[in-house]
Amino acid sequence: MLDDMFDYVENIRERPVWQPIPDAIRNGAHGRLPHESSDLASVHDAFMQTILPYSAGNVHPGFMGWVQGGGTPVGMLAEMVSAGLNANLGGRDQMPIEIEHQVAGWMRDLFGFPKSATGIFVTGTSMANLVGVLVARTAACGIAVRRTGVNLQERRLVSYASAGAHSSISQALEIAGLGSDSLRLVPTNDRFEMDLCTLERLIEEDRRAGFEPFLILGTAGSVDVGAIDDLAAIADVAAREHLWFHVDGAFGALGMLAPEIAPRLTGIERADSLAFDFHKWGQVPYDAGFVLVRDGALHRRTFASSSAYLTRANRAMNAGSPWPCDFGPDLSRSFRALKTWFTFMVYGSDRIGAAIARTCSLAQYMKQEIEANSELELLAPVALNIVCFRFQIDDRVEAMSSQGASYSDAVNAEICALIQESGIAAPSTTIIRGRLAIRAAIVNHRTASEDVDALLAAVVQFGRSRVALLRKTS
Ligand SMILES: *Cc1c(COP(=O)(O)O)cnc(C)c1O
């Protein structure tokens, strides 16, 4: 099994990035609960034939959809020993928890947080954003809110994030009982960063209307275009207005590891809470999200509870309190810290930072190739590793179709689907200022300029053939 996975990673370029699942294989996964045992080799064979070839393909260097990490062989081996150890990191006095503390310490130092800050692994940034929102809620309402719940009639709490903020933020407000209506989406400037004049105006208007601003959520690396909000300026506003400052740095925060990128994250060290993922730019296998909270005592008071079966003591296995289960909603927790620890120990943070910087250089290369090609159009500035562009269709061709301007959107959506189906590359799409964009997020450390070339060539090829088809039929 191990050899097969080494071969998979080593020869990944020989495979399509993604391929459709044949009906027979999909239906084969709809069988009944097996009552009888089978031998491991035959089940492994089923895995090799029916599962491995049909995953989304984010290990592949041509995978540039959404924002997904590529993993490493070191991370894979760490997952193996971690599963063998089968540690449960909810609590108790054990070295695996010390390793989680070690990673938290590294992150405190990297992001300039004080020693009193706490950090824990969670599934991903979606969960880390929720933890940040919940601690901010405790800061605003006191810990009594855990018993009483939020009384929305008395407290009209509102928060602010950029219009480019990730959807997990409004979802976090829904889950926290504050409601997504309480989130003000602040328009962005021409670099797709939160517009700070509007932010200040909205805060003032809300206060005058009787609302209670309590939280600003900055974004370090927006999911659509990779924009970094002006974190230092947001920190100033938050300090002046006495608001909690949370940063969603899902992929962007680890840009701190690259000397070329780190200065652009200035202000992140002033966040009250910071959410990010090791499984994106950090290349740790899924899943490995993390949240850092400046006020560790408040973090603990937001989640800790006492139960007889989780008694703490100064000796034996009940020592080592507080435990990770005191800092988040999970009790049983996997050893996510181990694959992260192995990744940093084996590769070193400089090398991970260099891989991050390289994805940004590749994005700049891609931007230049797009700007030099009259058949392609860049749709957003390239701040980090994300490029939004499309196949350009001239007005006369659009007029030939019955759809007018939306013809370009339809063709570009189809180009993206055709490329995914071809297995050449895996871009995704988004909407930029009302127009559909093909979006390439270069996150995988394996991606090289040849993969960028292959994607652009495929866009031009499929774009031309769609337009030729239109000309023939009209
Ligand atoms: C990926 C991403 C998230 C969500 O993180 P998950 O790890 O997928 O839960 C949140 N915010 C941004 C900016 C992201 O890129």
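It should be noted that the structure appears before, not after, this text.
The structure presented is a predicted model; accordingly, all values stated were derived computationally and were not measured.

Thresholds, definitions, all that
Residues numbered from 1 in each chain as written. Predicted model: local features only at pLDDT ≥ 70, side-chain atom pairs only at ≥ 80, totals over all residues. Heavy atoms only, no water. Phe/Tyr/Trp six-rings, centres within 6.5 Å; stacked < 30°, edge-to-face > 60°. Lys NZ or Arg CZ within 6 Å of the ring centre and 35° of its normal. Pairing = 2+ DSSP bridges. Helix = DSSP H or I, 4+ residues; strand = E, 2+ residues; numbered from the N terminus. Right-handed = clockwise from strand over helix to strand, strands pointing away. Buried < 20%, exposed > 50% of the residue type's maximum accessible area, 1.4 Å probe, protein only. Contact = heavy atoms within 4.5 Å. Arc of directions from axis to C-beta. 1 Å grid on protein atoms, 1.4 Å probe; cavity = no way out; pocket = protein on both sides within 12 Å on 5 of 7 lines; lining within 4 Å. Points joined across faces, edges and corners; volume = space filled by probe spheres on them. Nonpolar A, V, L, I, M, F, W, Y, C, P; charged D, E, K, R; others polar. Domains from an automatic or database assignment. Near = heavy atom within 4 Å. Polar contact = N/O pair within 3.5 Å; in protein donor to acceptor, adjacent residues only side chain to side chain. Areas by Shrake-Rupley, 256 points an atom, 1.4 Å probe, with all protein chains shown as cover. Salt bridge = Lys/Arg side-chain N within 4 Å of Asp/Glu carboxyl O.

### A word on the packing of aromatic side chains
Line of reasoning, step 1. Tallying each qualifying case throughout the model produces eleven aromatic pairs.
Line of reasoning, step 2. Ring geometry for Phe63 versus Trp66: centroids 6.1 Å apart, planes at 40°, classification tilted.
Line of reasoning, step 3. Through a chain of ring-to-ring contacts, three or more aromatic side chains come together here, namely Trp106, Phe111, Phe121, Phe276, Phe278, Phe290 and Phe344.
Line of reasoning, step 4. A cation over a ring is seen here: Arg433 above Phe192, with NZ or CZ 4.1 Å from the ring centre.

### Some words on the pairing of strand S3 (residues 183–186)
The side chains of a regular strand alternate, residue by residue, between the two faces of the sheet.
Line of reasoning, step 1. Where strand S2 (residues 157–162) and S3 come together, four bridges link them in parallel fashion. Paired with Ser162 across the two strands is Val186, which belongs to S3.
Line of reasoning, step 2. Of the crossover connections in this fold, the one passing from S2 over helix H8 (residues 167–175) to the parallel S3 is right-handed.

### Things to note about the side chain of Asp277
Line of reasoning, step 1. Along the chain, the position of Asp277 falls in strand S6 (residues 273–277).
Line of reasoning, step 2. By relative accessible area, which is 2% here, Asp277 ends up buried.
Line of reasoning, step 3. If we skip the residues at most four places from it in the chain, Asp277 touches Gly124, Thr125, Ala250, Leu254, Ala288 and Gly289.

### Topic: helix H11 (residues 296–303)
Line of reasoning, step 1. Of the positions making up H11, those classed as buried are Gly296, Leu298, His299, Thr302 and Phe303. Summarising the axial view, the buried residues of H11 lie within an arc of 160°, below the 170-degree limit, and thus occupy one face.
Line of reasoning, step 2. Here the buried face of H11 lies against strand S1 (118–122), helix H6 (125–141), helix H7 (145–148), strand S5 (244–248) and strand S7 (289–293).

### Describing the layout of surface pockets
Line of reasoning, step 1. Empty space within the largest pocket amounts to approximately 720 Å³.
Line of reasoning, step 2. Lining the largest pocket are 25 residues, and of these Met5, Tyr8, Val59, Met76 and Pro285 lie nearest its centre.
Line of reasoning, step 3. Of all the elements in the fold, those that place two or more residues in the lining of the largest pocket are helix H1 (2–10), helix H3 (40–51) and helix H4 (73–85).
Line of reasoning, step 4. Here the lining of the largest pocket is built from residues that sort into 15 nonpolar, eight polar and two charged.
Line of reasoning, step 5. Viewed by domain, the lining of the largest pocket spans two of them, domain 1 (1–30 + 38–71 + 348–474) and domain 2 (88–334), each represented by three or more residues.

### Quick look at the site of the ligand
Line of reasoning, step 1. Lining the immediate environment of the ligand, one finds 13 residues, of which Ser126, Asp248, Asp277, His279 and Lys280 sit closest.
Line of reasoning, step 2. One of the side-chain N or O atoms of Ser126 is found 2.7 Å from an oxygen atom in the ligand.
Line of reasoning, step 3. Here an oxygen atom of the ligand sits 3.0 Å away from a polar atom, N or O, in the side chain of Lys280.
Line of reasoning, step 4. Burial of the ligand by the protein amounts to 86% of the accessible area it has alone, namely 380 Å².
Line of reasoning, step 5. Within the shell around the ligand, the residues separate by chemical class into three nonpolar, seven polar and three charged.

### A closer look at the pattern of salt bridges
Line of reasoning, step 1. All chains considered together, the criterion is met by 21 salt bridges.
Line of reasoning, step 2. The residue Glu193 makes a salt bridge to Arg191 at a minimum N-O spacing of 3.1 Å.
Line of reasoning, step 3. Given a relative accessible area of 15%, Glu193 falls into the buried group.
Line of reasoning, step 4. Connected through salt bridges with shared partners, the residues Glu377, Arg390, Asp409 and Arg435 form a single ionic network.

### Let's talk about empty space enclosed by the protein
Line of reasoning, step 1. Counting across every chain of the model gives one cavity of 30 Å³ or more.
Line of reasoning, step 2. Empty space within the largest cavity amounts to approximately 80 Å³.
Line of reasoning, step 3. Tyr8, Ile12, Arg15, Pro16, Val17, Trp18, Gln19, Leu52, Pro53, Ser55 and Gly57 together form the lining of the largest cavity.
Line of reasoning, step 4. Looking at the lining of the largest cavity, its residues break down into seven nonpolar, three polar and one charged.

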